[in-house]
Amino acid sequence: MSVTIRPLHPVFVGEVAGIDCRHPLSPDEIAAIEAGMDRYAVLVFRDQHITDDEQLVFTRHFGELEAYRTPGHIRRREAQRLGPGMADFSNLDKDGNIIAADDRVWFFKLADRLWHSDSSFGPVPAKYSLLSARILPSWGGNTDFADMRAAYDALDRRTKAEVEHLVCLHSLIYSRAAIGFAELSDEEMAAFRPVRQRLVRTHPVSGRKSLFLSAHAGEIEGWTVPESRMFMRDLSEHATQRDFVYSHEWRPGDLVMWDNRQTMHRASRFDDRREIRDMRRTTLAGDRPTIEQAA
Ligand SMILES: [Fe+2]
């Protein structure tokens, strides 16, 4: 069976048919999926009821796993529910109970409802993320994606020139502060030290430029904080206008793979006090700091 990809949105996002994510892929299948990622930036695989091990094997077809970076006691408390390489994006604690509303682990997770690019707070941000739906709530809990290439293309000429060489500082401190969660330990503050990221990235294969925005971005280098925040907010609102956004309504067995270099995403609300949403992510490491890219 050959791989086919059908567009789900006018500017990005494809649905893949002809792939069974539970089995090893052939070189042709890997190439078809990679080409699909270069073109669509987000790919949806339906009816993939996979285990954690199968998700890890599938992910490794496309590169090296990213080392999960959340430090300190956040990691110690959270990581136990799932094994190495699997990031837990559920509302469950390590014993399988719904996390208390006032638990700081939950505050960390809540900020994923802001538009962001995965691990843009790391020195080498993530390449692809793969999220699989294991248990879904009866209402809500979509994941929204925004095409940051389309956002870049639609900038006016003056703004394109303005953003071309800008460098932003990204940190988990900024994205958590954005929802009013600022009580971080010294260990966390040290681990979340801001990193420098280019605001304009060029895709290594397609050559398309994109805006590298994220809730983790808190300052533009050389600018005042208020000027930085206002400009990044303007750019984010531009980038997440309806024409550039796809909202994924999850079905059981969905696996969605996205390119963090070309998209932003956010989770959306569900009844997180009463219902379980068990989503599991594997992440592929980027290959170099964005700052090394020639603009
Ligand atoms: Fe994310």
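A. Main features of the overall build of the protein chain. Within the protein chain one finds nine helices and 15 strands. Whereas a compact globule of 295 residues would reach a radius of gyration of roughly 19 Å, the protein chain reaches 18 Å, a difference of no more than 12%. For the protein chain, the C-alpha atoms occupy an extent of roughly 50 × 45 × 30 Å along the three principal directions. For the protein chain, the residues scored as buried account for 54% of the 295 residues in total. Of all intrachain contacts in the protein chain linking residues separated by at least 6 positions in sequence, the fraction that spans at least 24 positions is 82%. Taking the average location of the 40 positive side-chain charges in the protein chain and that of its 45 negative ones, the two points are 2 Å from each other.

B. Geometry of the sheet that holds strand S8 (residues 195-198). The antiparallel open sheet is built from three strands, whose spatial order is S8-S7-S11. Edge positions in the open sheet fall to S8 and strand S11 (217-220), since each of these has one partner strand only. When strand polarity is set aside, the average angle formed by the axes of neighbouring strands in this sheet is 40°. Two elements, strand S7 (residues 167-170) and S8, share four bridges in a ladder whose sense is antiparallel. Of the residues in S8, the one forming a bridge with His-170 is Val-195.

C. The coordination of the iron ion, seen in detail. The coordination sphere of the iron ion, as far as protein atoms go, consists of His-116 (NE2), Asp-118 (OD) and His-265 (NE2), spread over 2.1 Å. Spacing between the donor residues of the iron ion along the chain follows H-x1-D-x146-H. Linking Asp-118 in the loop between helix H4 (104-110) and strand S5 (128-135) with His-265 in strand S14 (residues 263-267), this pair joins segments that are 147 residues apart in sequence. Judged by relative accessible area, which is 3%, Asp-118 ranks as buried.

D. Local environment of the side chain of Arg-201. Its location among the elements puts Arg-201 in strand S9 (residues 200-202). Setting aside residues up to four positions removed in sequence, Arg-201 forms contacts with Pro-125, Arg-208, Lys-209, Ser-210, Phe-212, Arg-261, Thr-290 and Gln-293.

E. Geometry of unusual backbone geometry. Non-glycine residue Val-13 carries a positive phi angle of around 70°. In this structure, Val-13 sits in the loop between strand S1 (4-7) and strand S2 (14-17). At Ser-119, a residue that is not glycine, the phi angle is positive and equals roughly 50°. As for its position among the elements, Ser-119 is in the loop between H4 and S5.

F. Local environment of the nonpolar core. Ranked by internal contacts, the top residues of the largest apolar core, which has 23 residues, are Met-148, Val-163, Leu-199, Leu-211, Leu-213 and Leu-235. Breaking this core down by element, the ones donating at least two residues are helix H5 (148-153), S11 and helix H9 (225-239). Excluding residues within four positions of it along the chain, Leu-211 makes contact with Met-148, Ala-151, Tyr-152, Leu-155, Val-163, Leu-199 and Leu-235. Core analysis: the second largest hydrophobic core is formed by 18 residues, Ile-19, Ile-33, Ile-50 and Leu-284 among them.

G. Looking closely at helix H1 (residues 27-40). With 14 residues, H1 extends 20 Å from end C-alpha to end C-alpha; this agrees with the ideal 20 Å at 1.5 Å per step. The set of residues buried in H1 consists of Glu-29, Ile-30, Ile-33, Gly-36, Met-37, Asp-38 and Tyr-40. Ala-41 lies just past H1 and shows a positive phi near 70°.

H. The arrangement of helix H2 (residues 52-60) in detail. Turning to H2, its buried residues are Asp-52, Gln-55, Leu-56, Phe-58 and Thr-59. For H2, the angular spread of buried residues about the axis comes to 165°, placing them on one side. Elements that come into contact with the buried residues of H2 comprise H1, strand S3 (42-45), S5, strand S13 (255-259) and strand S15 (278-283).

I. Summary view of the environment of Arg-157. Note on placement: Arg-157 falls in helix H6 (residues 157-163). What makes Arg-157 exposed here is its relative accessible area of 76%.

J. The arrangement of the sheet that holds S2 in detail. With respect to topology, seven strands assemble into an open sheet ordered S1-S2-S3-S13-S5-S15-S4, the strand pairing being mixed. Edge positions in the sheet fall to S1 and strand S4 (87-88), since each of these pairs with one other strand and no more. Pairing between S5 and S13: five bridges, direction antiparallel. Each bridged residue has a counterpart across the sheet, and for Leu-130 the counterpart in S13 is Met-257. Where H1 meets the sheet, it contacts S1, S2, S3, S5 and S13, and its direction lies at approximately 130° from that of S3.

How each quantity is defined
- Residues numbered from 1 in each chain as written.
- Predicted model: local features only at pLDDT ≥ 70, side-chain atom pairs only at ≥ 80, totals over all residues.
- Heavy atoms only, no water.
- Helix = DSSP H or I, 4+ residues; strand = E, 2+ residues; numbered from the N terminus.
- Rg over C-alpha atoms; globule rule 2.2 N^0.38 Å.
- Buried < 20%, exposed > 50% of the residue type's maximum accessible area, 1.4 Å probe, protein only.
- Contact = heavy atoms within 4.5 Å.
- Lys, Arg positive; Asp, Glu negative; His and termini not counted.
- Charge placed at Lys NZ, Arg CZ, Asp CG, Glu CD.
- Pairing = 2+ DSSP bridges.
- Axes fitted to C-alpha atoms, helices over the stretch in contact; angles between N-to-C directions.
- Donors = N, O, S within 2.8 Å, 3.2 Å for Na, K, Ca; no water.
- Core = buried A, V, L, I, M, F, W, Y, C linked by side-chain atoms within 4.5 Å.
- Expected span 1.5 Å × (residues − 1).
- Arc of directions from axis to C-beta.

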